[in-house]
Amino acid sequence: MRHIVVPPTPSSPTSPPPATATCRRSRASSRQPAGGEDWIRERELTHEQAFALGFLEQNPGSIQRDIAALTRTSAASVSSLLQGLERRGLIERRTENGNERSKRVYAASAGAELIAGFDSAMEAADDTILAPLSAAERATLHALLKKVTAVLPQPSR
């Protein structure tokens, strides 16, 4: 019996898979410094909760649809997220003009205190991740990410 030796090709198991944009994004995410995540975890928050608190701190009196639109999540998901924050006393929902169907959401003082420093922690994590890029390259990356996310479909539920 004769053996044939086949050199590795791009699709053979001995050569590395091609690096797609999705693959590179995944690698960058998995190697992010834990600084931002540690900051959030230390406060017993999820990333989504920290984001919502930060948003409400900067945009008091928002409605939950504002958060859903910004995060491209469903109103039901945001409602659940806000319920958890409300149970912890981190946000308040208030009715406007006696209309029970229209509730505005505010960061409570405990929520504002808990989230203080969030932006700085996230900026520090971003600076570490983006350290190899020049200011111009960072601006280009930001513009490209904005372009890509602008065409993502809205959630269906």
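Keep in mind that what you see is a predicted model, and the values were worked out from it rather than measured.

**Observations concerning the packing of aromatic side chains**
A full pass over the atoms with the stated rule returns zero aromatic pairs. It is Arg94 that lies over the ring of Tyr106; its NZ or CZ is 3.9 Å from the centre.

**Here we look at unusual backbone geometry**
Its identity as a non-glycine residue notwithstanding, Glu44 has a phi of 55°, on the positive side. Residue classification places Glu44 among the exposed residues on the basis of a relative accessible area of 63%.

**Description of the pattern of salt bridges**
Evaluation of the coordinates by the stated rule reveals five salt bridges. Arg93 is the partner of Glu86 in a salt bridge, and the nearest nitrogen-oxygen pair spans 3.2 Å. What makes Glu86 partly exposed here is its relative accessible area of 34%. The exposure class assigned to Arg93 is partly exposed, which follows from its relative accessible area of 22%.

**A closer look at the confidence of the model for the protein chain**
This prediction gives the protein chain a mean pLDDT of 80; 76% of its residues lie at or above 70. Across the protein chain, helix α6 (residues 109-115) holds the top mean pLDDT of 93, while helix α1 (residues 21-30) sits lowest at 62. Contacts for the low-pLDDT stretch residues 1-13, under 50 throughout, to residues beyond four places or in other chains number five contacts.

**Observations regarding the side chain of Ser79**
Within the secondary structure layout, Ser79 lies in helix α5 (residues 75-87). Looking at Ser79, the relative accessible area reads 17%, which means it is buried. The residues contacting Ser79, other than those within four sequence positions of it, are Gln64 and Arg93.

**Observations regarding the packing of helix α3 (residues 47-58) against helix α4 (residues 64-71)**
Interaxial distance between α3 and α4 falls to 11 Å at its minimum, and their mutual angle equals 120°. Taken together, the axis directions place α3 and α4 in an arrangement best described as oblique. The element α3 and its partner α4 pack so that their crossing is right-handed. On the side of α3, the interface is formed by Phe51, Phe55 and Leu56, while α4 contributes Asp66, Ile67, Leu70 and Thr71. Looking at the contact of α3 with α4 residue by residue, the classes come out as five nonpolar, one polar and one charged.

**Regarding the environment of Arg88**
Secondary-structure assignment places Arg88 in the loop between α5 and β1 (91-96). Along the backbone, Arg88 and Ala110 are 22 residues apart, and their C-alpha atoms lie at a distance of 9.0 Å. Leave out the neighbours within four places in its chain, and Arg88 touches Arg43, Glu44, Leu45, Gln49 and Leu114.

What counts and how
Residues numbered from 1 in each chain as written. Predicted model: local features only at pLDDT ≥ 70, side-chain atom pairs only at ≥ 80, totals over all residues. Heavy atoms only, no water. Phe/Tyr/Trp six-rings, centres within 6.5 Å; stacked < 30°, edge-to-face > 60°. Lys NZ or Arg CZ within 6 Å of the ring centre and 35° of its normal. Buried < 20%, exposed > 50% of the residue type's maximum accessible area, 1.4 Å probe, protein only. Salt bridge = Lys/Arg side-chain N within 4 Å of Asp/Glu carboxyl O. pLDDT = per-residue confidence, 0-100. Helix = DSSP H or I, 4+ residues; strand = E, 2+ residues; numbered from the N terminus. Contact = heavy atoms within 4.5 Å. Axes fitted to C-alpha atoms, helices over the stretch in contact; angles between N-to-C directions. Parallel < 35°, antiparallel > 145°, perpendicular 65-115°, else oblique. Left-handed = near helix turned anticlockwise from the far one by under 90°. Nonpolar A, V, L, I, M, F, W, Y, C, P; charged D, E, K, R; others polar.

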